[in-house]
Amino acid sequence: MKPSIAFIGVGNMASAIIGGMIEAGYPAEKIMGTSRTAEKREKYSAAFGIKMFADNNDAVAKADSVVLCVKPAQIQGVIEGFADQIRPDQIFLSVAAGVELAAIEKWLKQPVAVVRSMPNTPSQVGAGMSGLIANAHTSDEQKAWVSDVFASIGDSVWVDDEAHMHTVTALSGSAPAYFFRFLEAMIKSGQAQGLSEEACTRLASYTMLGAAKMVTELDEPISQLRKNITSPKGTTEQALLSFEASNIDKVVDDAMTACANRSKQLASQFSGQID
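The structure contained in this document is the topic of the report that follows. Numbering of residues starts from 1 in each chain and follows the order in which that chain's sequence is written. Local features in this predicted model are restricted to residues whose pLDDT is 70 or higher, and side-chain atom pairs enter the listing and the counts only when it is 80 or higher, whereas totals over whole chains, interfaces and linings include all residues. Here the side-chain values reflect all heavy atoms present in the structure, with hydrogen atoms and water set aside.

**Details of the packing of aromatic side chains**
Each Phe, Tyr or Trp ring (for Trp, its six-membered ring) is paired with any other whose centre lies within 6.5 Å, and the angle between the two planes then decides the class: stacked below 30 degrees, edge-to-face above 60, tilted in between. Counted under the stated rule, the structure contains three aromatic pairs. Between F82 and F92 the ring centres are 6.2 Å apart and the planes differ by 10°, which places this aromatic pair in the stacked class. Placement of F82 in the loop between α4 (75-81) and β5 (91-94) and of F92 in strand β5 is noted, with a sequence separation of ten residues between them. There is no split in this pair, since F82 and F92 are both buried. With a centroid separation of 6.1 Å and 45° between ring planes, the pair formed by F182 and F243 is classed as tilted. One end of the pair, F182, is in helix α8 (residues 175-192); the other, F243, is in helix α11 (residues 235-245), with 61 residues separating them in the sequence. Burial classes follow relative accessibility: with a 1.4 Å probe on protein chains only, a residue under 20% of its type's maximum area counts as buried, one over 50% as exposed, and anything between as partly exposed. A residue is classified by how much of its surface remains accessible, and F182, at 38% relative accessible area, is partly exposed. According to the relative accessible area criterion, F243 is partly exposed, its value standing at 32%. Each ring is checked for a lysine NZ or an arginine CZ that lies within 6 Å of its centre and within 35 degrees of its normal; such an atom marks a charge sitting over the ring. The ring of W158 carries the charged tip of K143 above its face, separated from the ring centre by 4.7 Å. Runs of E in the DSSP output that reach at least two residues are strands. Runs of H or I that reach at least four are helices, and both are numbered from the N terminus.

**Observations regarding the nonpolar core**
Ranked by internal contacts, the top residues of the largest apolar core, which has 31 residues, are I8, I75, I79, F82, V99 and L108. Counting residues per element, the ones that place at least two in this core are β1 (5-8), α3 (56-62), β4 (65-68), α4, α5 (101-108), β6 (113-118) and α7 (165-173). Tallying contributions element by element places α5 first for this core, with five residues. Between two residues, a contact is recorded if the distance between any of their heavy atoms is within 4.5 Å. When residues no more than four places from it in sequence are discounted, the contact partners of L108 are I79, I86, F92 and V114. Here the nonpolar core consists of buried residues drawn from Ala, Val, Leu, Ile, Met, Phe, Trp, Tyr and Cys, with membership extended through side-chain atoms lying within 4.5 Å. With 28 residues, the next largest nonpolar core counts A28, C69, I91 and F150 among its residues.

**Thoughts on the environment of K62**
Examined against the element boundaries, K62 turns out to sit in helix α3. Here K62 falls in the partly exposed class, since its relative accessible area comes to 49%. Considered as a pair, K62 and K30 are 32 residues apart in the sequence and their alpha carbons are 9.9 Å apart. Apart from the residues lying within four places of it in its own chain, the contact partners of K62 are S4, M32 and F53.

**Some remarks on the pairing of β4**
Both faces of the sheet carry side chains from a regular strand, because those side chains alternate between them. Side chains S65 and V67 of β4 all project onto a buried face; the interleaved residues V66 and L68 project onto the opposite face, where all are buried too. One ladder, built from four bridges, connects β1 with β4; its direction is parallel. Within β4, the position partnered with I5 by the bridge is S65. Taken together, the four bridges between β4 and β5 define a ladder with parallel strand orientation. Note that in β5 the partner of S65 across the bridge is I91. Crossover handedness for the path β4 to α4 to β5: right-handed. In short, DSSP must find at least two bridges between two strands for them to pair. With the strands aimed away from the viewer, a crossover counts as right-handed if its path from the first strand over the helix to the second runs clockwise.

Okay, structure coming up:
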């Protein structure tokens with residue numbers, strides 16, 4: 001039997017997950033959501049055929065699983081607001097960036113299963129990647145169910161050490177923006193060389209998509225895929241030599257380190273709320 005699910009705070013990420021689950025065959029009657037505004041409740045009810053509530057308590061009381069899709073600054077108040085409805089058999093799944101398991105466990109006030117996730121925006125088109133970590137009260141069966149949820153919007157990776165979630169943020173959570181910025185630079189250069197913005201965008205973006213598919217679908221190391229199209233003294237080699245002259249490894253490492261450090265700072269801020 002499929003567990004009933006309550007999405008607390010339905011917005012872009014929640015709607016992406018809901019849409020993916022329904023498309024994958026999850027029964028809409030087992031999914032519910034909450035929103036403070038009547039307009040959004042009507043919108044998502046019509047779009048997905050799910051029941052929407054104005055009161056979080058009503059949804060949590062009816063759910064086997066609760067997905068927390070509110071902003072990090074709001075999550076403590078939201079959890080404390082429905083605390084009377086929490087049951088020990090429920091699982092709570094958080095998509096709030098930077099809010100660690102210990103904080104969520106503290107606010108829930110009882111030993112229940114908690115999973116923290118770090119999804120990314122390609123989830124909106126079914127190509128997301130999410131990092132996941134569970135607390136000690138989460139069973140293997142519950143973890144498998146969570147993996148199935150995220151499989152409906154892409155893929156996921158479990159980590160064992162919560163400190164690694166900062167690296168997950170740098171590798172996938174924030175990373176779509178890196179690729180968008182790289183595409184912007186490629187398109188700008190292509191336009192400067194005479195092609196239209198539309199042509200540059202199609203050429204660069206579909207090439208990036210194809211390269212990603214090669215990495216994920218072909219059984220070859222990334223380094224070999226690169227070598228396969230890099231002829232000695234050819235065009236590709238010249239571009240790569242330019243990257244190396246700019247010390248691309250350091251540029252990328254500096255960016256990812258800055259991202260991970262900021263993630264640690266945010267987590268530290270929330271940790272201060274549970275001392």
